[in-house]
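This is what each chain is made of:
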Amino acid sequence: MEKKDYELQDGLIRLWSTYIPERAGDAVKEILRSKWINTGSQEKLFREKVSQKFNIPHCVACTSGTAALRASYAAVGIGPGNEVVSTPYTFIATNTAILEQGAKPIFADIQYETLNIDPKSVESKITRKTKAIVCVHYGGLPCDMDELWEIGKKYNLPVIEDSAHALGSKYKGGYIGSRGDIITFSFQVIKIVNSGDGGIIATTCEEYYKKLKKLVWFGIDREEKKADLLDPLPEWIDMLGFKYNMNDITATLGIVGIDHFDIPFERRNQIGEQYRRELAGLRKIQLVKHAADRSSNYQIFPIHVEGRLDFAKFMRERGILVNVNNRRNDRYTIFGGLCELPNTARADEDVILIPLHADLSNDDVDKIIDAVQAYDRI
Ligand SMILES: *Cc1c(COP(=O)(O)O)cnc(C)c1O
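Nothing here was measured: the structure is a model prediction, and the numbers come from that model. (Residues numbered from 1 in each chain as written. Predicted model: local features only at pLDDT ≥ 70, side-chain atom pairs only at ≥ 80, totals over all residues. Heavy atoms only, no water.)

Digging into the sheet that holds strand β2 (residues 83-86)
For step 1, the next point in the chain: Strand order across the open sheet formed by 7 strands is β1-β9-β8-β5-β4-β2-β3, with mixed pairing between neighbours. In the strand order of this sheet, the two ends are held by β1 (58-62) and β3 (104-107), each with one partner. Taking each pair of neighbouring strands and ignoring which way they run, the sheet shows an average axis angle of 25°.
For step 2, the next point in the chain: Each of β1, β8 (182-186) and β9 (199-203) is contacted by helix α8 (residues 206-215), which is oriented at about 20° to β1, the strand it contacts most. (Pairing = 2+ DSSP bridges. Helix = DSSP H or I, 4+ residues; strand = E, 2+ residues; numbered from the N terminus. Axes fitted to C-alpha atoms, helices over the stretch in contact; angles between N-to-C directions. Contact = heavy atoms within 4.5 Å.)

Thoughts on the pattern of salt bridges
For step 1, the next point in the chain: Counted under the stated rule, the structure contains 20 salt bridges.
For step 2, the next point in the chain: In this structure, R47 engages E223 in a salt bridge whose closest nitrogen and oxygen atoms are separated by 3.2 Å. Of the two residues, R47 sits in helix α3 (residues 41-54) while E223 sits in the loop between α8 and α9 (248-259), which places them 176 residues apart along the sequence.
For step 3, the next point in the chain: Judged by relative accessible area, which is 42%, E223 ranks as partly exposed.
For step 4, the next point in the chain: A salt bridge links K367 to D363, with the nearest nitrogen and oxygen atoms 3.8 Å apart. Here D363 and K367 lie together in helix α13 (residues 362-377), a separation of 4 residues that amounts to about one turn.
For step 5, the next point in the chain: Each of D144, D146, K172, R179, D293 and R294 takes part in salt bridges that share partners, so that together they form one network. (Salt bridge = Lys/Arg side-chain N within 4 Å of Asp/Glu carboxyl O. Buried < 20%, exposed > 50% of the residue type's maximum accessible area, 1.4 Å probe, protein only.)

What to know about the environment of D10
For step 1, the next point in the chain: Summarising the element assignment, D10 is placed in the loop between α1 (5-8) and α2 (24-34).
For step 2, the next point in the chain: Exposure remark for D10: the relative accessible area of 58% places this residue in the exposed category.

What about the domain arrangement of the protein?
For step 1, the next point in the chain: Domain annotation of the protein identifies domain 1 (3-17 + 262-377) and domain 2 (23-259).
For step 2, the next point in the chain: Each of domain 1 and domain 2 was reduced to a C-alpha centroid, and the two centroids are 26 Å apart.
For step 3, the next point in the chain: Facing 39 residues of domain 1, the contacting portion of domain 2 comprises 41 residues.
For step 4, the next point in the chain: Interface of domain 1 and domain 2: buried area, both sides summed, is about 3400 Å²; carbon and sulfur atoms make up 56% of it.
For step 5, the next point in the chain: For the pair domain 1 and domain 2, the interface holds 3 salt bridges. (Domains from an automatic or database assignment. Buried area = accessible area lost by both parts, 1.4 Å probe.)

Thoughts on the side chain of S17
For step 1, the next point in the chain: Structurally, the position occupied by S17 is in the loop between α1 and α2.
For step 2, the next point in the chain: Owing to a relative accessible area of 13%, S17 belongs among the buried residues under this scheme.
For step 3, the next point in the chain: At 3.4 Å, the side chain of S17 forms a polar contact with the side chain of D359. (Polar contact = N/O pair within 3.5 Å; in protein donor to acceptor, adjacent residues only side chain to side chain.)

What about the packing of helix α10 (residues 262-278) against α13?
For step 1, the next point in the chain: With their axes 11 Å apart at the nearest point, α10 and α13 run at an angle of 25° to one another. The orientation of α10 with respect to α13, classified from their angle, is roughly parallel. Relative to α13, the crossing made by α10 is right-handed. Contacts between α10 and α13 involve R267, I271, Q274, Y275 and E278 from the first element and N362, V365, D366, I368, I369 and Q373 from the second.
For step 2, the next point in the chain: Partitioning the contact of α10 with α13 into residue classes produces 5 nonpolar, 3 polar and 3 charged. (Parallel < 35°, antiparallel > 145°, perpendicular 65-115°, else oblique. Left-handed = near helix turned anticlockwise from the far one by under 90°. Nonpolar A, V, L, I, M, F, W, Y, C, P; charged D, E, K, R; others polar.)

A word on the packing of aromatic side chains
For step 1, the next point in the chain: Tallied over the entire structure, the rule returns 13 aromatic pairs.
For step 2, the next point in the chain: For the ring pair Y89 and Y138, a centre distance of 5.0 Å and an interplane angle of 55° mean the geometry is tilted. Residue Y89 is found in the loop between β2 and α5 (93-100), and its partner Y138 is found in the loop between β4 (130-136) and α7 (145-155); the two are separated by 49 residues along the sequence. Comparing Y89 with Y138 shows no difference in burial state: the two are buried.
For step 3, the next point in the chain: Centre to centre, the rings of W149 and Y171 are 6.2 Å apart; their planes meet at 85°, and the pair counts as edge-to-face. (Phe/Tyr/Trp six-rings, centres within 6.5 Å; stacked < 30°, edge-to-face > 60°.)

If you want it as structure tokens, here you go:
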């Protein structure tokens, strides 16, 4: 009989895990029993909880991080003929959502040391066709936001932060999402908090908020539905929207996830800090550079490794799964062909993830550290 993916990984230290709080099952059971599973009170509560916990002025909920990105791009008016300056070093969703809007991602180079977009390169890619700047807080490490916001202001361009990796990360004392134009989060299964699938669009701008609420449900703000005997919809629908609304089953999982956020967050932080202490100063391994004015939620733990394939084999022999998470997006023909991006090219050759998630035991963590150190010695 053919083996399932998870069976192949039996006994191995896995690269990913899905964190599901104990209470999730009962909470979903209650909401199923209530029979209201469409977008409703739980969706509203989920948005409120995210707003409160991370100090975010306005939150809109939707079906996924990708939907959040596309709705955000639509909200700032990205459309056919536009260019969007973006990072090539990310999961492809950041950039496929630009294509979905009929626009073209123009790739800026990254900083080799942080894997985040380089503001200097961003500025050099801006043309009259540029409609927005998109950055990704890679692995949970915040980008150089002051520099990016400054460029946004100078050229009158919104900065959209794909923060799928960065729920709970902090920049200069504030949570990601508490400042900035539009910030998107994902609640997909391997993210620090998951709702099965799901997304949150955060904004500090009232205008974007009003628009986004309509964009996620057919151009209608669901909270403006009337208690009309015949027709609950508003008189007019003046914009085209998506069908991206989050239902109450999803929202219930999200609520439980946010209520328990500190558990995976603290565990990830513990492991991440231990890796950074014990894997610092090696010969063949280089850690990502963390500036003192920001902190990562340790969504993933990328490292630069000399001899990446040998490293992967070495770790696999010790029962530890490692993986290249993302490839430079411009290698995929849908984006129009390879670009001249020296730092991206270097990172694309030597970055790999080692496991970091809430299900790792202390023993697992020790084994991983020992193995990485042993690789470094050969
Ligand atoms: C996970 C992820 C997304 C997409 O989120 P989904 O909820 O899976 O649609 C987008 N960007 C990055 C960087 C991601 O890691």
